[in-house]
Amino acid sequence: MALQDHKTSRFVLAAVLCGIALALSLLDGALSSLLPLPGFKLGLANVVSLFALCCLGLPWALLICIARSLLAAMLSGNMTMLFFSLAGGLVSILVMHVALKRLSVIKASVLGGISHNLMQLACAALITATPQVSYYLPVLVLTGTVCGFFVGVLCTLVFRRIRFPFINFPMKSN
């Protein structure tokens, strides 16, 4: 029996997405210790952020990002991570929200990945009071581009597999 109350359906979907984003965020944190670049993460939870943005809209995507960031920081015991995660995640979602009005999911995701990394770099410069962190800019733009591309591709693949009767996903091909 299908749920007829779309508000309830959206709330349940948001809760499930929040749990998935949290699990992916914790997995991403564990995998980051295996990678050679300091502070580098694959951004697996960003697939959920982009999915939520396209499915549920900006308010839900922001709420999921905030909840995921808070819970991941508390569960990992790394409260410094909260500042970086929130700043990067919220800016990324806002940039993708604007970009999705004219660009494809993949292109919007690339812009989101780059903006996420740039915001985290700005936070690092603010926290450490060291403008020299800007030397890391080319690496972060490159990793944001590559990871943003793969996040966009994954999100597009998920949309091709999953359909919700209460959501119309706008697929742009440009």
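Nothing here was measured: the structure is a model prediction, and the numbers come from that model.

Criteria and thresholds
- Residues numbered from 1 in each chain as written.
- Predicted model: local features only at pLDDT ≥ 70, side-chain atom pairs only at ≥ 80, totals over all residues.
- Heavy atoms only, no water.
- Helix = DSSP H or I, 4+ residues; strand = E, 2+ residues; numbered from the N terminus.
- Buried < 20%, exposed > 50% of the residue type's maximum accessible area, 1.4 Å probe, protein only.
- Contact = heavy atoms within 4.5 Å.
- Core = buried A, V, L, I, M, F, W, Y, C linked by side-chain atoms within 4.5 Å.
- Expected span 1.5 Å × (residues − 1).

The next subject is the side chain of H116. Along the chain, H116 turns up in helix α5 (residues 105–128). Exposure remark for H116: the relative accessible area of 13% places this residue in the buried category. Among all residues touching H116, those that are not within four sequence positions of it are N46, S85, G88, G89 and S92.

What follows concerns the nonpolar core. Counting residues in each nonpolar core, the largest one holds 27 residues, and the members touching the most others are L17, L50, L56, I64, L100 and C155. Secondary structure elements with two or more residues in this core: α1 (6–32), α2 (45–56), α3 (58–76), α4 (79–99), α5 and α6 (137–161). It is α2 that contributes the most residues to this core, ten residues altogether. Ignoring anything within four residues of it in the chain, the contact list for I64 reads A14, L17, C18, A21, A52 and L56. In this structure, L22, A72, A73 and M81 belong to the second largest nonpolar core, which totals five residues.

Here we come to unusual backbone geometry. One non-glycine residue with positive phi stands out, namely A129, at about 55°. Positionally, A129 belongs in the loop between α5 and α6.

Let us look at α2. For α2, spanning twelve residues, the distance from its first C-alpha to its last is 16 Å, which sits close to the expected 16 Å at 1.5 Å a residue. In terms of burial, α2 is a largely internal element, twelve of the twelve residues being buried. Those residues of α2 not exposed but buried are A45, N46, V47, V48, S49, L50, F51, A52, L53, C54, C55 and L56. Positive backbone phi, approximately 100°, marks G57, located one or two places after α2.

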